[in-house]
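These are the residues of each chain, in order.
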Amino acid sequence: MELDYAIVYSPKRKRLTITVERDRSIVVKAPTGTSIDKIQEVVESCKLWLYEKTHHEQKYHPPLHPPGKELVNGESLPYLGRNYQLELSDSSNEIQFINNHFLVPKAQAKQRGDIFKNWYIQQAKEQILPRVKVNAKRMGVEFNLAKITDSKYRWGSCTPKNNVIFNWRLIKTPMFVIDYVIVHELAHLLESNHTSIFWNIVAVQVPNYQLAKKWLREHGNVLEEDF
Ligand SMILES: [Zn+2]
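In this text the structure is predicted, and so the values were computed from the model without any measurement.

Novice: What's the story with the pattern of salt bridges in this structure? I'm lost.
Specialist: Side chains that differ in charge, positive against negative, can pair when their charged atoms come close. What the rule picks out here adds up to six salt bridges. In this structure, the salt-bridge partner of Lys117 is Asp150, at a minimum N-O distance of 2.8 Å. With Lys117 in helix α3 (residues 112-139) and Asp150 in the loop between β8 (145-149) and β9 (163-167), this pair connects stretches of sequence that are 33 residues apart. Across the pair Asp150 and Arg169 runs a salt bridge whose closest N-O atoms are separated by 3.4 Å. With Asp150 in the loop between β8 and β9 and Arg169 in the loop between β9 and α4 (175-190), this pair connects stretches of sequence that are 19 residues apart. For Asp150, a relative accessible area of 39% puts it in the partly exposed group. Residue classification places Arg169 among the buried positions, given a relative accessible area of 0%. Members of the salt-bridge network, linked through shared partners, are Lys117, Asp150 and Arg169.

Novice: Mind showing me how you'd approach the sheet that holds strand β1 (residues 5-10) here?
Specialist: Strand pairing in a sheet takes place through backbone hydrogen bonds and is either antiparallel or parallel in direction. Strand order in the open sheet made by the three strands is β1-β3-β2, with mixed pairing throughout. Unpaired on one side and paired on the other, β1 and β2 (17-20) mark the two borders of the sheet. Averaged over all adjacent pairs, the angle separating strand axes in this sheet is 25°, with direction ignored.

Novice: Honestly, the confidence of the model for the protein chain in this entry has me stumped. Any pointers?
Specialist: Detailed reading of the predicted coordinates is not advisable wherever pLDDT is low. Residues of the protein chain with pLDDT of at least 70 account for 82%, and the chain-wide mean is 83. Looking over the protein chain, one finds the lowest element-wise mean pLDDT in helix α2 (residues 47-55), namely 67, and the highest in helix α5 (residues 196-205), namely 96. The low-confidence segment residues 58-62, where pLDDT is below 50, has five contacts with residues more than four positions distant or belonging to other chains.

Novice: For this particular structure, what's the right way to read α5?
Specialist: Because the α-helix completes a turn every 3.6 residues, residues three or four places apart line up on one side. Listing the buried residues of α5 in full gives Phe198, Trp199, Ile201 and Val202. Angularly, the buried residues of α5 cover 155° about the axis, an arc narrow enough to put them on a single face. Set apart from the buried face of α5 by more than 90 degrees, the exposed residues are Ser196, Ile197, Asn200 and Val204. For α5, the elements touching its buried residues are α3, α4 and α6 (209-219).

Novice: Please explain unusual backbone geometry as it appears in this structure.
Specialist: Peptide bonds are mostly trans, and most non-glycine residues show a negative phi. Even without being glycine, Leu80 reaches a positive phi, approximately 50°. Within the fold, Leu80 resides in the loop between β4 (76-79) and β5 (82-89). Residues other than glycine seldom take positive phi values, yet Asn99 does so here, at roughly 45°.

Novice: How should the packing of α3 against α4 be read in this particular structure?
Specialist: A pair of packed helices is characterised by two quantities: the angle between their axes and the separation of those axes. Direction vectors running N to C along α3 and α4 enclose 50°, while the axes themselves pass 10 Å from each other. Taken as axis vectors, α3 and α4 run oblique relative to one another. Crossing angle aside, the handedness with which α3 passes α4 is right-handed. Contacts between α3 and α4 involve Gln127, Ile128, Arg131, Val132, Asn135, Ala136 and Met139 on the former and, on the latter, Met175, Ile178, Asp179, Ile182, Val183, Leu186, Ala187 and Leu190. Of the residues belonging to the contact of α3 with α4, the class tally is 11 nonpolar, two polar and two charged.

Novice: What exactly am I supposed to notice about the packing of aromatic side chains here?
Specialist: When we look at a pair of aromatic rings, we describe it by the centre distance and by the angle of the planes. Taken as a whole and assessed by the stated rule, the structure comprises 16 aromatic pairs. An angle of 75° between the planes, with centres 4.8 Å apart, marks the rings of Tyr84 and Phe97 as edge-to-face. With Tyr84 in strand β5 and Phe97 in strand β6 (residues 96-98), the pair connects residues that are 13 residues apart, well separated along the chain. Judged by its relative accessible area of 10%, Tyr84 falls in the buried class.

Novice: Would you mind showing me how to read the pairing of strand β3 (residues 26-31) here?
Specialist: Looking along a regular strand, one sees side chains alternate from face to face of the sheet. In terms of residue burial, β3 counts as a mostly covered element, since five of its six residues are buried. Across six bridges, the pairing between β1 and β3 is parallel. Note on β3: the bridge partner recorded for Ala6 is Val27. For β2 and β3, the ladder comprises four bridges, and the chain directions are antiparallel. Looking at the pairing, Val20 lines up with Ile26 of β3.

About the thresholds
Residues numbered from 1 in each chain as written. Predicted model: local features only at pLDDT ≥ 70, side-chain atom pairs only at ≥ 80, totals over all residues. Heavy atoms only, no water. Salt bridge = Lys/Arg side-chain N within 4 Å of Asp/Glu carboxyl O. Helix = DSSP H or I, 4+ residues; strand = E, 2+ residues; numbered from the N terminus. Buried < 20%, exposed > 50% of the residue type's maximum accessible area, 1.4 Å probe, protein only. Pairing = 2+ DSSP bridges. Axes fitted to C-alpha atoms, helices over the stretch in contact; angles between N-to-C directions. pLDDT = per-residue confidence, 0-100. Contact = heavy atoms within 4.5 Å. Arc of directions from axis to C-beta. Parallel < 35°, antiparallel > 145°, perpendicular 65-115°, else oblique. Left-handed = near helix turned anticlockwise from the far one by under 90°. Nonpolar A, V, L, I, M, F, W, Y, C, P; charged D, E, K, R; others polar. Phe/Tyr/Trp six-rings, centres within 6.5 Å; stacked < 30°, edge-to-face > 60°.

Below, the structure written as structure tokens:
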């Protein structure tokens, strides 16, 4: 399978990265002087991932909340697969999640995008990264680095150095979906293609992974919303 991609060289860049833009075009960003052979090699190693990203069927879902609007009392926001109401509060000075609802400082209601995004990213770091470690240990997989990023990729990400990268928006999905995505990405370190071997590895760790895939198919849009 042939993949078309654009190459952008930059003298400041230290590593080669591949991104899939929203229009599904592929851009390789490389340090100035990187050879075409090297670029082809990396594109080749990420081929399957790129194929998934560029061919995934994406329906357009309007965002739940138009950006730039204030947070209002009683509206609900997703977290770990459920929607929870929020309450504006005079007393707290940071977002808190207690008794199944969000307490949001009234003074910050105008910055709705930023404050919730930061809160989600923090939760993603605290809750997803430790589970990557636990699952890797269980699977006997070694990874270099696990990171939470702000890309709009659907979930994980492929890098040539055994890094596993997760979209912070995953924290809006149920824990069994998070576990599936973690195991899926880690399984790629053992088997890069979606072969039956690959799915066996996944199934041993997450026996109900089909449910997780179904959940993601039906709710994929939550991964594209900004907060
Ligand atoms: Zn995959």
